[in-house]
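Summary of the model geometry
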Amino acid sequence: NEEIEEYRKKKNIHISGDGVPKPVYTFEEASFPSYVLSEVLKAGFTEPSPIQSQGWPMALMGRDLIGLAETGSGKTLAYLLPAIVHINAQPYLEPGDGPIVLALAPTRELAVQIQQECARFGMSSKIKSTCIYGGAPKGPQIRDLRTGVEIVIATPGRLIDMLDSRCTNLKRVTYLVLDEADRMLDMGFEPQIKAIVSQIRPDRQTLLWSATWPNEVKAIAAAFLKDPYQVTIGSQDL
Ligand code: ADP
Ligand code: MG
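Residues numbered from 1 in each chain as written. Chains lettered and ligands numbered in written order. Predicted model: local features only at pLDDT ≥ 70, side-chain atom pairs only at ≥ 80, totals over all residues. Heavy atoms only, no water.

Observations concerning the UniProt feature "short sequence motif: Q motif" (unreviewed entry) in the protein chain
UniProt records the feature "short sequence motif: Q motif" (unreviewed entry) at residues 25-53, using the numbering of this structure. With 45% helix and 0% strand, residues 25-53 has end C-alpha atoms that lie 6 Å from one another. (UniProt positions renumbered as here; feature names shortened; annotations may be inferred. Helix = DSSP H or I, 4+ residues; strand = E, 2+ residues; numbered from the N terminus.)

Dropping the structure here:
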């Protein structure tokens, strides 16, 4: 359809995969819960960023997704808002259940930022999240995990600690996010990522995000994602 092609061209959206859904032009079109929509509008956002516009309908189809776009392009909400829809479609948490959504990020700072975005748009009262990172006491993190949270945002090393000491488990994870995949690999987290992903059910949805697309990132995408859609904003050879 010409209008869609025109829009993608204007926004510099490149896609690959079979049966790619049309981008959404407005927040309303993405069919997020009304409490999410109202927060997005309250934040003063006028329209979805290109990665959101094309990434949301792709993620909402339940498909694996590679999202490539430069820093500052809105990748966090590109995976968090579909994560909320995903969580709402799952049965309630039982005591002792691990998270439904796991987001891996390279640094404590980034993990905290992601959780702030979560709190802002996931409405802390409806969806509980916690941040698991090193260089901080484990006690509060363990307590959070024990109360039961739908979303865990973690750096790989500390999460492995928590898994080894059975403070949480990944049996319920069905939505896995690898954020800043390029930076995680640069920092040498590949073995930890592999160890974590091996504990997650294979029929999960996996979403990988990166600002660059070097061979190492291509390799983990090939290893961890199944028949993914890909959306790239800007230059196609990041
Ligand atoms: P990235 O992960 O691609 O580097 P972020 O997700 O951190 O980018 O987003 C950068 C900033 O843009 C954040 O402050 C975020 O709240 C804001 N933002 C996200 N989506 C939109 C939007 N549709 N319109 C305006 N600002 C947005
Ligand atoms: Mg980001």
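Alright, that's what it looks like, and here's the rest.
A look at the pairing of strand S8 (residues 229-233)
With five of five residues buried, S8 is to be regarded as a mostly interior element. Alternating residues of S8 divide into Tyr229, Val231 and Ile233 and Gln230 and Thr232, and every residue in both groups is buried. Across four bridges, strand S2 (residues 65-68) lies against S8 in parallel orientation. The residue bridging Gly67 from the neighbouring strand is Val231, located in S8. (Buried < 20%, exposed > 50% of the residue type's maximum accessible area, 1.4 Å probe, protein only. Pairing = 2+ DSSP bridges.)

Details of empty space enclosed by the protein
Inspection of every chain in the model, using the stated rule, returns one cavity of 30 Å³ or more. One number sums up the size of the largest cavity: a volume of about 40 Å³. Among the elements of the structure, helix H4 (75-88) and helix H5 (108-122) are those that each provide at least two residues to the lining of the largest cavity. The dominant element in the lining of the largest cavity, judged by the number of residues it contributes, is H5, at four residues. Per-class residue counts for the lining of the largest cavity are seven nonpolar, one polar and one charged. (1 Å grid on protein atoms, 1.4 Å probe; cavity = no way out; pocket = protein on both sides within 12 Å on 5 of 7 lines; lining within 4 Å. Points joined across faces, edges and corners; volume = space filled by probe spheres on them. Nonpolar A, V, L, I, M, F, W, Y, C, P; charged D, E, K, R; others polar.)

Some thoughts on the packing of aromatic side chains
Taken as a whole and assessed by the stated rule, the structure comprises five aromatic pairs. An angle of 55° between the planes, with centres 6.0 Å apart, marks the rings of Phe27 and Trp56 as tilted. Note that Phe27 is positioned in the loop between strand S1 (13-16) and helix H2 (34-42) and Trp56 in helix H3 (residues 50-60), a separation of 29 residues in sequence. A relative accessible area of 3% means that Phe27 is categorised as buried. Joined through ring pairs, the aromatic side chains of Phe27, Phe32 and Trp56 make up one cluster. One residue, Arg63, lies across the ring of Tyr229, its end atom 3.9 Å from the ring centre. Looking at Lys126, its charged tip hangs above the ring of Tyr35, at a distance of 4.3 Å from the centre. (Phe/Tyr/Trp six-rings, centres within 6.5 Å; stacked < 30°, edge-to-face > 60°. Lys NZ or Arg CZ within 6 Å of the ring centre and 35° of its normal.)

Concerning the layout of surface pockets
By volume, the largest pocket amounts to about 350 Å³. If you trace the largest pocket, you find 20 residues lining it, with Gly72, Ser73, Gly74, Lys75 and Thr76 closest to the centre. Sorting the residues of the lining of the largest pocket by element identifies H4, H5, helix H8 (181-186) and strand S7 (205-210) as the ones contributing at least two each. Tallied by class, residues from the lining of the largest pocket come to five nonpolar, nine polar and six charged. Volume-wise, the second largest pocket comes out at about 240 Å³. Taken together, 13 residues line the second largest pocket, and the ones lying closest to its centre are Arg166, Cys167, Thr168, Asn169 and Leu170. In the lining of the second largest pocket, the residues fall into four nonpolar, five polar and four charged.

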